[in-house]
Every structure is written in C-alpha cells, then in structure tokens.
Amino acid sequence: MTPLSPAEDPRWVAGMMPLAGVDPLAGAGSLGVPSVYWERPVAREAVAGWGEAGVLEAHAPGELPVVLGALGHDSVRWLDAVSPQMPGPWFGGMRFSPTQPADGAWRSHGLARWTLPEVLVWRDGGALAVAVFAPDGPGAEDVVRSRLERVRAAFPQAYRHPMGAPVALRTASSRPDFEALVDRAVEAIGAGQLHKVVLARALEAEGPEPFDVVDVLARLREQNPRCATFLFRAPDGTGFLGATPETLCRVDGRRLETEALAGSAAPGGAEALDASDKDRREHDAVVRYILQALTPVAASVSADAQPSVLALKNVVHLRTGIRAELADGVDTAKVVTALHPTPAVGGTPRERALSFLVEHESLDRGWYAGPVGWVGPGRAHLVVALRSALVRGAKARLFVGAGIVAGSSAESEWRETEMKSLAMLRALGGR
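Residues numbered from 1 in each chain as written. Predicted model: local features only at pLDDT ≥ 70, side-chain atom pairs only at ≥ 80, totals over all residues. Heavy atoms only, no water.

On inspection of all chains with the given rule, the structure shows 33 salt bridges. Its salt-bridge partner being Arg-40, residue Glu-45 comes within 3.3 Å of it at the nearest N-O pair. Of the residues examined, Glu-45 reaches a relative accessible area of 12% and is grouped as buried. Since its relative accessible area comes to 21%, Arg-40 is described here as partly exposed. For the salt bridge of Lys-278 with Glu-282, the shortest nitrogen-to-oxygen distance reads 3.5 Å. With Lys-278 and Glu-282 both in helix 7 (residues 277-294), this residue pair falls four residues apart, about one helical turn. (Salt bridge = Lys/Arg side-chain N within 4 Å of Asp/Glu carboxyl O. Buried < 20%, exposed > 50% of the residue type's maximum accessible area, 1.4 Å probe, protein only. Helix = DSSP H or I, 4+ residues; strand = E, 2+ residues; numbered from the N terminus.)

Our next topic: the packing of helix 5 (residues 213-223) against helix 10 (residues 410-427). As a packed pair, helix 5 and helix 10 sit with axes 8 Å apart at the nearest point and diverge in direction by 135 degrees. Classified by the angle their axes make, helix 5 and helix 10 are oblique. Residue-level contacts link Val-216, Arg-219, Leu-220 and Gln-223 of helix 5 to Ala-423, Met-424, Arg-426 and Ala-427 of helix 10. (Axes fitted to C-alpha atoms, helices over the stretch in contact; angles between N-to-C directions. Parallel < 35°, antiparallel > 145°, perpendicular 65-115°, else oblique. Contact = heavy atoms within 4.5 Å.)

Another aspect to go through is unusual backbone geometry. Following His-340, the chain continues to Pro-341 via a peptide bond in cis, the omega torsion being -10 degrees. Considering the arrangement of structural elements, one finds Pro-341 in the loop between helix 8 (332-339) and strand 19 (347-348). Along the chain, Thr-348 connects to Pro-349 via a cis peptide bond; the corresponding omega equals -15 degrees. The residue Pro-349 is located in the loop between strand 19 and helix 9 (350-360) in this model. Phi at Ala-369 takes a positive value of approximately 70 degrees, unusual for a residue other than glycine. Of note, Ala-369 is situated in the loop between helix 9 and strand 20 (371-376). For Ala-369, a relative accessible area of 1% puts it in the buried group. Look at Arg-387: it is not a glycine, yet its phi comes out positive at around 45 degrees. Summarising the element assignment, Arg-387 is placed in the loop between strand 21 (379-384) and strand 22 (388-392).

A few words on helix 8. Within helix 8, six of the eight residues are buried, which leaves it mostly tucked inside the rest of the structure. For helix 8, the set of buried residues is Thr-332, Ala-333, Val-335, Val-336, Ala-338 and Leu-339.

Attention shifts here to the pairing of strand 13 (residues 239-244). With six of six residues buried, strand 13 lies mostly within the body of the structure. Here strand 13 shows a buried face lined by Gly-239, Leu-241 and Ala-243 and a second buried face lined by Phe-240, Gly-242 and Thr-244. Summarising the sheet, strand 12 (residues 228-233) and strand 13 pair through six bridges and their orientation is antiparallel. Within the sheet, the bridge partner assigned to Phe-230 lies in strand 13 and is Gly-242. (Pairing = 2+ DSSP bridges.)

Within the secondary structure layout, Asn-314 lies in the loop between strand 17 (308-311) and strand 18 (316-326). Relative accessible area serves as the criterion here: at 9%, Asn-314 is assigned to the buried category. There is a polar contact of 2.5 Å between the side chain of Asn-314 and the side chain of Arg-426. Ignoring any residue separated from it by four or fewer positions in sequence, one finds Asn-314 in contact with Pro-267, Met-419, Leu-422, Ala-423 and Arg-426. (Polar contact = N/O pair within 3.5 Å; in protein donor to acceptor, adjacent residues only side chain to side chain.)

Next comes the structure, spelled out in structure tokens:
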C-alpha cells in the first residue's frame, strides 16, 4: 500500500468482537505469519497483527516528531465500543540514528515505519478480542463486519506452534575488530573525551533452511518471560524481532514510566554486580541523564532510591525505575525526543558519544537500540530494541552491545556481548 504523508489526516473505520482462544499467536495457523507481534508475558499482554490498513513513514529526520505526533491522533471511527486494554493501534519503530543512511539490509524498514494492521488480535484479560481496520469510505463498514466474521470462524480455539528441533547455525563475527574498538573507546575515555560509550557489534547467522518466524517468536517469549517480545515484518518478508528487557517510555495520559537499565553480569552474578564500582558508575550515569532529560517535559519526576537487580536467563542487570507526571501538552513524540538515545545505548556526553560511534563503530545499527513498540491516542509503550535480529530467509543479523567506561577491558566486554547474543541464537534454534 502507498505510504501516507505525515501531513495527512487519514481516517479508518474499525470494529471489534470477542474471540475464542487465549493466544494471539494462534492466528498464525489460519492467517499466516503476523506482520507485527508484541508480548509482555509477565503482564499477560499480547497482540498480533496481520496486513496493513495504513502505513505512516518518515523519510527525513525532521519528519520524526510529526509522524509520532500523528500516531497519537484519534483517527479511527469505531462501530463498537473499544476495549481500553487494546494496545496500539499503530505498531512500528525507528532507526537508532536518524541521520545515518540505511544500508541495503535495512531499506525495507527505513528511517521510521508504523503500520495499522488490517486484523489485530490481543489478549484482553483472560480471553482474546479481535479488531479489524479498513480505510473509511463507501462499503467500509461491510468490509469490517465480514472480515470480523471470517476471522472469528477461522481462528483456532486451541493452538500450540510445534517448535522445530535445534539446528546447527553457521555464525561469523570479528572479535579482533570489536576488541580494538573497545580499546579505542577506553583511550578516548582516559583522555577525557568521553565518560561512557556503548559499542555494538553484529553477528551473522545462517541456518540450514529459512527461519520459521513464528517458531522464533514462540521461543523468544518462552525463554524470556521478563522481556518484551516484538516483531515488525516489512512487506518484502524481512523481519526485525527480539526480546528486550528495557522500556524507553510507557505513557498513559500524563503518567510516564521509564527505567535505567545498565550494568551487566553473568547469571548468578547479582551480588558481585551490585558491588561493582564500574557497573554502578555506568548505571548511575544513565539515571542522572534520564532525570535531567525529563526535567523540561515533566511536572514532577521520581526514581527508586537504589537500583534493583533484574535477573534474566542469560544476564543480570542493574535497574532503576523512574516515574513522571508529564507537563501539559507533552505527547509521546516529545518524550521520545527527550530520552532517545539514553546513555544505556549511546553514551555520555551524548553528542560526543554519538560522534564517536559514527566515526569508529562502522556498523549500521538500523532499528537496533532504537524505539519500537505501539502508539495510540493518549497511550504508548516503546521499548529499546535490544537482544534482536534482522531476519530474512535463512540469514539473520544479530545485534548486541556493551557499555564502555573507565576500567572496561576488551576481553570482558567481548564476553558480555557473547552472553547477550545467546537469547537470539537460542530463539533461532541454535544448539
């Protein structure tokens, strides 16, 4: 479908109804591979979408606030009362660096791409609901009602995706290049040019046959219950998916929730992590940045007195929860502009760290470490796209990173990124 200009104000008609079943991913059995997927298992929040009733894209950095602002407009005419629990209805994300040109692998996702699915199935409490969206116009209401009935009749009440057996993945990544980059960053920090910089690397993986995206999603959500599992699939079949532990912002009216997530250790290393001077310094820098960044857009801000330890399957992190009451007139676009990128994925001072990455990292991060999630009128939940991969056919490009501060060593940072890569390698079926 032709992307919509950010300046336009399109409208859609939509309807919804209850749906038998408990798992939105079950729709893969009758509707095919989802175009979008979002799940937070701990919160029992899950949603899957198919097709594209609308597309909104940004093609230049200056359009990003306009696009994000447009997503928050109430541009849907509902035939029925809509559930307040429905995430979205717009799903998508944006590049980590809006000024860096995309390489061929990221062309399908572009600078920023948001879609309004034709069919949206979500978990509403203990049951499912389905919504159908269509461009408003003559016959639109009939299209919505007939499509709702078709989905209701075809949707499986019980479904479990049969996960394939583990396979041998061929992987490739350059350890010498990454360790040299870490050494260069430590030198810059020692010279007073930076306080912290977050370095990322890519890991190429190839399977014996095309990856089953639904299979990968099923593994991601099962193996990472304390993370947000996501998929954003472009029309050419290229999918960006992952399971991230980090929320950039959760907006509900004027209430904002965010977090500082920085400082990492291997599983079982929670006590050592909490006592690590290097990791506490890295974490505290992120907390200070977020509190300062929110000051211009918030009427009040508060944070946990001390960081807690977030224990995940392959890694543990220091976490500080942060809450704010947004000032009048502040929308999701202004919050994202204020926060992204945090020092947890960029560095400090921010502009110097980003310049260092442009000059030395030699990696197109694409949407990795960028904001992804859903946006709707007065509500949004955007996460930082970590522990993720760009998948097409039998090839996947995994992205992992590590925060570099004074005292970092190239060997330990390599080990940290290896540890973080396990989440996606296992989800891809690697043994």
